[in-house]
Amino acid sequence: MKKFLKNLVTKNKHLSEDEKISKRSFISFSVFFALQAAGVVGFFKLKNQPLDGGLLGGIQEPLRDGLETNEKIFGGSFNPGKLAKEYSKEEAVKEARINGNVGTGEDFEAAEWKLNIVKNSSEYLEISLDEIKKLPKTEVIYNFKCIEGWSQVSYWGGVRFADFIKHFGLQPEAAMKYVGMMTPDEEYYVGIDMPSALHPQTILCYEHNNKSLTPDHGYPLRLIIPVKYGIKSIKRIGSMYFDNEKPSDYWAERGYDYYSGL
Ligand SMILES: Nc1nc2c(c(=O)[nH]1)N[C@H]1C(S)=C(S)[C@@H](COP(=O)(O)O)O[C@H]1N2
Ligand SMILES: [Mo]
């Protein structure tokens, strides 16, 4: 390429001014079209790349590689000691907006609900809402952010995930890299890296504005995880399991960043 440009410059020496101009224009246009063509070829190359197997078609592998690079940079730099900004009760909205109803349909017997914990393939725990409510309550008032572009200061109460783990003797499970949570019908599911789950502001939440959650906000129990976008705050948790591999995640399968940290 360098040699090619040098030849053009030396060749220009014996040309008239007009000839030089038209030659330069020619070069400019050639470069312009070459770049255009490269763009078009690049686009089709990307378009024809295999998809990564997400449920709704997923995303092209080079784009997924980009997301994974993001994860390496931002996933790794997560500081578990850093707190999300907290607000006063007066600053919180009177009624949080309702967003997303995957896995929170009518076909649900709230009275029969218990949180199912998979300790390992042969051991399970079933925990009632009353047992969870007996644990110390932690309140968090923070700016809840949705990836759709809205945010609102909202007020939630529940048990700190880390307290819950300790109380139910789940420390061996929490030594794994991820926790997965699913709605009872398994329609909505999230995977959370353990440092974020054990973050002091992450709660298994049963109250909004000091009142029991409504079904739309995830009664009986939901996750509130202020260090992440709203997609990770799963409503109506049915079961929980632990893994060193990334648990399935509804929105990661649809192209969003797995960590979705703030
Ligand atoms: N089960 C379930 N949980 C969910 C969703 C969903 O569709 N189903 N949507 C998520 C999204 S995108 C957001 S922004 C928040 C909204 O919580 P809210 O309706 O209590 O405001 O819930 C999250 N948790
Ligand atoms: Mo969201």
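Residues numbered from 1 in each chain as written. Chains lettered and ligands numbered in written order. Predicted model: local features only at pLDDT ≥ 70, side-chain atom pairs only at ≥ 80, totals over all residues. Heavy atoms only, no water.

A.B. asks: Explain the overall build of the protein chain to me, using residue names and the numbers behind them.
C.D. replies: Looking only at helices and strands, the protein chain features seven helices and ten strands. Residues classed as buried in the protein chain amount to 39% of the 262 residues present. In the protein chain, of all internal contacts separated by at least 6 residues, the share reaching a separation of at least 24 is 65%. A total accessible area of about 15,200 Å² is found for the protein chain, and carbon and sulfur atoms account for 55% of it. (Helix = DSSP H or I, 4+ residues; strand = E, 2+ residues; numbered from the N terminus. Buried < 20%, exposed > 50% of the residue type's maximum accessible area, 1.4 Å probe, protein only. Contact = heavy atoms within 4.5 Å. Areas by Shrake-Rupley, 256 points an atom, 1.4 Å probe, with all protein chains shown as cover.)

A.B. asks: Describe the site of ligand 1, naming the residues involved and giving the relevant values.
C.D. replies: Surrounding ligand 1, one finds 20 residues, the nearest of these being Arg 97, Val 102, His 217, Arg 222 and Lys 235. In this structure, Asn 101 approaches ligand 1 through a main-chain N or O atom, which is 3.3 Å from an oxygen atom. Coverage of ligand 1 by the protein amounts to 98% of the 530 Å² it exposes when considered alone. If you map ligand 1 onto the pockets, it falls in the second largest pocket. Looking at the shell around ligand 1 residue by residue, the classes come out as nine nonpolar, eight polar and three charged. (Near = heavy atom within 4 Å. Polar contact = N/O pair within 3.5 Å; in protein donor to acceptor, adjacent residues only side chain to side chain. 1 Å grid on protein atoms, 1.4 Å probe; cavity = no way out; pocket = protein on both sides within 12 Å on 5 of 7 lines; lining within 4 Å. Sits in = over half its atoms within 2 Å of the grid points. Nonpolar A, V, L, I, M, F, W, Y, C, P; charged D, E, K, R; others polar.)

A.B. asks: Break down the pattern of salt bridges for me, citing the residues and quoting the values.
C.D. replies: Counted under the stated rule, the structure contains seven salt bridges. Linking Asp 193 and Lys 228 is a salt bridge whose minimum nitrogen-to-oxygen distance equals 2.9 Å. Residue Asp 193 is located in strand β6 (residues 189–193), and its partner Lys 228 is located in the loop between β9 (222–224) and β10 (239–243); the two are separated by 35 residues in the primary sequence. Judged by its relative accessible area of 4%, Lys 228 is buried. A salt bridge links Lys 232 to Asp 249; the shortest N-O distance between them is 2.7 Å. Taken together, the positions of Lys 232 in the loop between β9 and β10 and Asp 249 in the segment after β10 put the pair 17 residues apart, joining distant regions of the chain. Connected via shared salt-bridge partners are Lys 89, Lys 137, Glu 139 and Glu 207. (Salt bridge = Lys/Arg side-chain N within 4 Å of Asp/Glu carboxyl O.)

A.B. asks: Could you give an account of the nonpolar core, with specific residues and numbers?
C.D. replies: Within the largest apolar cluster, 36 residues are counted, with the highest numbers of intra-cluster contacts made by Leu 115, Phe 161, Phe 164, Met 181, Leu 204 and Met 240. If you list the elements that add at least two residues to this core, you get β1 (115–120), α4 (129–133), α5 (161–167), β5 (178–182), β6, α7 (194–197), β7 (203–208) and β10. Not counting residues within four places of it along the chain, the set of residues in contact with Leu 204 comprises Gly 158, Val 159, Phe 161, Phe 164, Met 181, Leu 221, Arg 222, Leu 223, Ile 237 and Met 240. (Core = buried A, V, L, I, M, F, W, Y, C linked by side-chain atoms within 4.5 Å.)

A.B. asks: Lay out the sheet that holds β1 in plain terms, naming residues and giving numbers.
C.D. replies: By definition, the strands of a sheet pair up through backbone hydrogen bonds, in either a parallel or an antiparallel sense. Taken in spatial order, the five strands make up an open sheet running β2-β1-β10-β5-β6, and their pairing is mixed. Pairing within the sheet leaves two strands with one partner each, and these edge strands are β2 (123–127) and β6. Here the average twist between neighbouring strands, direction ignored, is 20°. Two strands pair when backbone bridges link them, and β5 and β6 are joined in this way by five bridges, in the antiparallel orientation. Paired with Met 182 across the bridge in β6 is Tyr 189. (Pairing = 2+ DSSP bridges. Axes fitted to C-alpha atoms, helices over the stretch in contact; angles between N-to-C directions.)

A.B. asks: Explain the layout of surface pockets to me, and be specific about the residues and the numbers.
C.D. replies: Where empty space is left becomes clear once a probe the size of a water molecule has been rolled over the atoms. The volume enclosed by the second largest pocket comes to roughly 380 Å³. In terms of lining, the second largest pocket is formed by 25 residues, of which the most central are Asn 99, Gly 100, Tyr 188, Gly 230 and Lys 235. Tallied by class, the residues present in the lining of the second largest pocket amount to 13 nonpolar, eight polar and four charged. (Points joined across faces, edges and corners; volume = space filled by probe spheres on them.)

A.B. asks: Just give me the short version of the packing of aromatic side chains, but keep the residues and values in it.
C.D. replies: Scanning all chains against the criterion turns up eleven aromatic pairs. Aromatic pair Phe 164 and Phe 168: ring centres 5.1 Å apart, planes at 55°, arrangement tilted. Each member of the pair, Phe 164 as well as Phe 168, is classed as buried. Taking 5.1 Å as the distance between ring centres and 80° as the angle between the ring planes, the aromatic pair formed by Tyr 250 and Trp 251 counts as edge-to-face. A relative accessible area of 12% means that Tyr 250 is categorised as buried. Ring pairs connect the aromatic residues Tyr 188, Tyr 189, Tyr 250, Trp 251 and Tyr 256, which therefore count as one cluster. Note that Arg 222 overlies the ring of Trp 156, its terminal NZ or CZ placed 4.8 Å from the centroid. (Phe/Tyr/Trp six-rings, centres within 6.5 Å; stacked < 30°, edge-to-face > 60°. Lys NZ or Arg CZ within 6 Å of the ring centre and 35° of its normal.)

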